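Structural overview
What follows is the residue order along each chain.
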Amino acid sequence: IREDGIFSPNHLFSKGQLLYSKIRPNLSKLIIAEFEGLCSADMYPIITKIDINYLKIFMLSKLFLQQVTSDDNRIAMPKINKTQLYGTFVAIPPHAEQKRIVKKINQLLYLCDELGKKFEKRTYDRVFFSNSIINQVIINNVH
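These notes cover the structure that comes with them.

Calculation notes
- Residues numbered from 1 in each chain as written.
- Predicted model: local features only at pLDDT ≥ 70, side-chain atom pairs only at ≥ 80, totals over all residues.
- Heavy atoms only, no water.
- Helix = DSSP H or I, 4+ residues; strand = E, 2+ residues; numbered from the N terminus.
- Buried < 20%, exposed > 50% of the residue type's maximum accessible area, 1.4 Å probe, protein only.
- Contact = heavy atoms within 4.5 Å.
- Areas by Shrake-Rupley, 256 points an atom, 1.4 Å probe, with all protein chains shown as cover.
- Core = buried A, V, L, I, M, F, W, Y, C linked by side-chain atoms within 4.5 Å.
- Pairing = 2+ DSSP bridges.
- Axes fitted to C-alpha atoms, helices over the stretch in contact; angles between N-to-C directions.
- Arc of directions from axis to C-beta.

Each helix and strand in the protein was counted, giving 4 helices and 5 strands. Secondary structure elements of the protein, listed N to C terminal, follow the sequence β-β-β-β-β-α-α-α-α. Sorting the 143 residues of the protein into buried and exposed places 24% on the buried side. Expressed as a percentage of contacts within the protein between residues at least 6 apart in sequence, the contacts between residues at least 24 apart total 61%. Put simply, the protein shows about 10,900 Å² of open surface, and 59% of that area lies on carbon and sulfur atoms.

This paragraph deals with the nonpolar core. Grouped together as the largest cluster of nonpolar side chains are 17 residues, with contacts concentrated most on Leu18, Tyr20, Ile46, Met59, Phe64 and Leu85. Looking at this core, the element that brings in the most residues is helix H1 (residues 52-59), giving 5 residues. The residues touching Leu18, leaving out its near neighbours within four places in the chain, are Leu30, Ile31, Ile32, Tyr44, Pro45, Ile46, Ile52, Leu55, Lys56 and Met59.

Glancing now at the sheet that holds strand S2 (residues 18-21). In a beta sheet, neighbouring strands are held together by backbone hydrogen bonds and run either parallel or antiparallel to one another. Read from one edge of the open sheet, 3 strands run S3-S2-S5, paired in antiparallel fashion. Strands at the two margins of the open sheet, each flanked by one partner only, are strand S3 (30-32) and strand S5 (43-46). Across this sheet, the average inter-strand angle for adjacent strands is 20°, counted without regard to direction. Across 3 bridges, S2 lies against S3 in antiparallel orientation.

Here the focus is the environment of Glu34. One can find Glu34 in the loop between S3 and strand S4 (37-38). By relative accessible area, Glu34 is classed as exposed at 67%. In sequence terms Glu34 and Gln17 are 17 residues apart; their C-alpha atoms lie 8.2 Å from each other.

Only one face of S5 is covered, namely the one carrying Tyr44 and Ile46; the face carrying Met43 and Pro45 has none of its residues buried. Note that S2 and S5 share 4 bridges and pair antiparallel. The residue bridging Leu18 from the neighbouring strand is Ile46, located in S5.

Turning our eyes to something else, we now look at helix H2 (residues 62-69). Regarding H2, the residues found buried are Phe64, Leu65 and Val68. Around the axis of H2, the buried residues are gathered within 95° of arc, so they sit on the same side. More than 90 degrees from the buried face of H2, the exposed residues found are Lys62 and Gln66. Lining the buried residues of H2 we find S2, H1 and helix H3 (82-86).

Here we come to the environment of Ile46. Relative to the helices and strands, Ile46 is located in strand S5. Look at Ile46 and you get buried, because its relative accessible area is 14%. In the structure, Ile46 is positioned 14 residues away from Ile32 in sequence and 9.7 Å away in space, judged by C-alpha atoms.

Here the focus is unusual backbone geometry. Phi angles above zero are rare outside glycine, and Arg24 is one such case at about 50°. Within the secondary structure, Arg24 is located in the loop between S2 and S3. Here Arg24 falls in the partly exposed class, since its relative accessible area comes to 41%. Although it is not a glycine, Ser28 sits at a positive phi angle of roughly 50°. Relative to the assigned elements, Ser28 resides in the loop between S2 and S3.

Following this line, the structure appears as structure tokens:
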């Protein structure tokens, strides 16, 4: 972008900034940027004074989604405008509490991932065991 001389202050974002897609809000498409650059007109770069990870968690919540889609009248291609986005109510606890909430949610998400991995392994083990039994039955019946 810098080398090509492209510039648009409306779509410029910085590393660590939240980028939210205004198209099809039910898909909850947002990221925390890992680099600086320009985004499309279908994205909102969000500047905030609250903890960015806390805001991301909030924006992934049902409460946020209900607020931004409550008066959605675009059935074919739902879209959030700035008025809807800026009119969203966000519960903002003290900064230390925001950090604590983010830490706890990350711990719980990690536990969910670990449980998912264990479930996948057990499912694999059961399928492998079942296939082994079926193979033995087939082999014994053939001989």
